Amino acid sequence: MGATPVLPQPDQYPFPVGQRMTAAEFALLPAGPPYPELINSLLKMPPSPEFSHQEISMELSSEIHLYSKKNELGIVVTAPMDVHFDENNVFQPDIIFISKERLPKLLSDGKKIKGAPDLVAEILSSNKKSALEEKMSIYERYDVREYWVVDPKKKFVEIFENIDKEFISLQKCKGASTAHSKVLPGFSIELNKIFRA
């Protein structure tokens, strides 16, 4: 029988998880993987996503990408991709849509996203729910126009619209229903396309 592996202690980890830092200090960390996030000045390391998370991310991001490209609405990217909101918050949203109107400002250096995307989708995993509430308030404050929360376990999607820096639930859907976006005019997706039976 093999020896039990010894996991590194937090202070021996490649990143100082749990440490307070600024976005400028965060930018000096070595390039991932793994890919940490800076949430309210604390360095956090989300666990690796579950299989269902990645499957849904691929399906939903592909549909949004194809629709956006066909209609020349903007660009779609997926994690890992830093989104720099302020000196205390640098996130890795699962799916990011940036309209062609916001693109020049948000990608001014051609390398990093600085500012709020038009649409952000976060896909729940049993191991990453806690950070989403903290992140949601930042998305709201910095004017992410539309926020999708996707729950693979419950096969549920809730879409929030940002009105005067406050998220209002626009749609809750599950089962055989269809999710609709306002930020992507005319875009909709049947839930059975993103959730396996």
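Quick summary incoming for the structure in this document. (Residues numbered from 1 in each chain as written. Predicted model: local features only at pLDDT ≥ 70, side-chain atom pairs only at ≥ 80, totals over all residues. Heavy atoms only, no water.)

Some words on the sheet that holds strand β10 (residues 156–162)
Strands in a sheet are paired, the pairing made by backbone hydrogen bonds, and the direction either parallel or antiparallel.
Next up, step 1: Sheet architecture is open: 6 strands sit in the order β3-β6-β8-β9-β10-β11, paired in mixed fashion. Whereas interior strands pair on both sides, the edge strands pair on one side only; in this sheet they are β3 (74–78) and β11 (167–174). Within this sheet the neighbouring strands show an average axis-to-axis angle of 15°, counted without direction.
Next up, step 2: Bridge count for β3 against strand β6 (residues 95–99) is 5 bridges, and the pairing is antiparallel. Pairing of T78 across the sheet is with I95, part of β6.
Next up, step 3: Against the sheet, helix α2 (residues 51–70) contacts β3, β6, β8 (119–123) and β9 (146–151), and its axis sits at roughly 170° relative to β3. (Pairing = 2+ DSSP bridges. Helix = DSSP H or I, 4+ residues; strand = E, 2+ residues; numbered from the N terminus. Axes fitted to C-alpha atoms, helices over the stretch in contact; angles between N-to-C directions. Contact = heavy atoms within 4.5 Å.)

Considering the packing of aromatic side chains
Next up, step 1: Summed over all chains, the structure comprises 10 aromatic pairs.
Next up, step 2: Their ring planes at 55° and their centres at 5.2 Å tell us that Y139 and Y147 sit as a pair that is tilted.
Next up, step 3: Since its relative accessible area comes to 0%, Y139 is described here as buried.
Next up, step 4: Classification of Y147 as buried rests on a relative accessible area of 1%. (Phe/Tyr/Trp six-rings, centres within 6.5 Å; stacked < 30°, edge-to-face > 60°. Buried < 20%, exposed > 50% of the residue type's maximum accessible area, 1.4 Å probe, protein only.)

Here we look at the side chain of N162
Next up, step 1: Tracing the backbone through its elements, the reader meets N162 in strand β10.
Next up, step 2: According to the relative accessible area criterion, N162 is buried, its value standing at 12%.
Next up, step 3: Here the side chain of N162 touches E140 through a polar contact of 3.0 Å, landing on its backbone oxygen.
Next up, step 4: For N162, the side chain forms a polar contact with the main-chain oxygen of V144, separated by 3.0 Å.
Next up, step 5: Those residues within four positions of N162 in sequence are excluded, and the remaining contacts are Y139, E140, D143, V144, R145 and F167. (Polar contact = N/O pair within 3.5 Å; in protein donor to acceptor, adjacent residues only side chain to side chain.)

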